[in-house]
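Notes for the structure review
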Amino acid sequence: QVQLVESGGGLVQAGGSLRLSCAASGRTFSSYAMGWFRQAPGKEREFVAGISRSGGYTYYGDSVKGRFTISRDNAKNTTYLQMNSVKPEDTAVYYCAADIRPPTVVPRNQNQYKYWGQGTQVTVSS
């Protein structure tokens, strides 16, 4: 079992940058594929980015490709989401998720993740 805590959310101007962090408890962090999702008011939860256990494989949602970067530091039990060139439509609550997967697998559906953080709000002003 793993517990996830997101941080780094806040208010940022359009065109700016923000880095989210997701700290995981437990000793087996390197067994988990990690994902970032977001949910804006009135909208469904959306896949943002995912990363494999070792960090060798990453996937991104179409709306963030080229602007966001997911990474992880297994020694620190932490996953990051670097958000660059943010837009007002990036405003949402961002959630970190984890699930035990084979080394090269990166789930992209929220139903494939068992563990979730509480979320952190990101607001982009125009």
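Further up the page is the structure itself.
First, a word on what this report is: a plain description of the structure on this page.

The rules behind the values
- Residues numbered from 1 in each chain as written.
- Predicted model: local features only at pLDDT ≥ 70, side-chain atom pairs only at ≥ 80, totals over all residues.
- Heavy atoms only, no water.
- Disulfide = S-S within 2.5 Å.
- Helix = DSSP H or I, 4+ residues; strand = E, 2+ residues; numbered from the N terminus.
- Buried < 20%, exposed > 50% of the residue type's maximum accessible area, 1.4 Å probe, protein only.
- Phe/Tyr/Trp six-rings, centres within 6.5 Å; stacked < 30°, edge-to-face > 60°.
- Lys NZ or Arg CZ within 6 Å of the ring centre and 35° of its normal.

Applying the stated rule across the entire model yields one disulfide. Covalent S-S linkage joins Cys22 and Cys96, the inter-sulfur distance amounting to 2.0 Å. Classification of the bridge connecting Cys22 and Cys96 rests on its S-S torsion, roughly -80°, and on that basis the disulfide is left-handed. Residue Cys22 is found in strand E3 (residues 18–24), and its partner Cys96 is found in strand E9 (residues 92–100); the two are separated by 74 residues along the sequence. The pair Cys22 / Cys96 is uniform in exposure class, with both members buried.

Turning our attention to the packing of aromatic side chains. Per the counting criterion, the structure on display carries six aromatic pairs. Between Tyr32 and Tyr115, the ring centres sit 6.0 Å apart and the planes meet at 70°, which makes this aromatic pair edge-to-face. Of this pair, Tyr32 sits in strand E4 (residues 32–39) while Tyr115 sits in strand E10 (residues 115–116), and the two are 83 residues apart along the sequence. For the pair Tyr32 and Tyr115, one class covers both residues: buried. Measuring from centroid to centroid gives 5.4 Å for Phe37 and Tyr113, while their planes differ by 80°, and the two rings are edge-to-face. Linking Phe37 in strand E4 with Tyr113 in the loop between E9 and E10, this pair joins segments that are 76 residues apart in sequence. Taken as a pair, Phe37 and Tyr113 share a single burial class, namely buried. Over the aromatic face of Phe29 sits the side chain of Arg72, whose NZ or CZ is 4.4 Å from the ring centroid.

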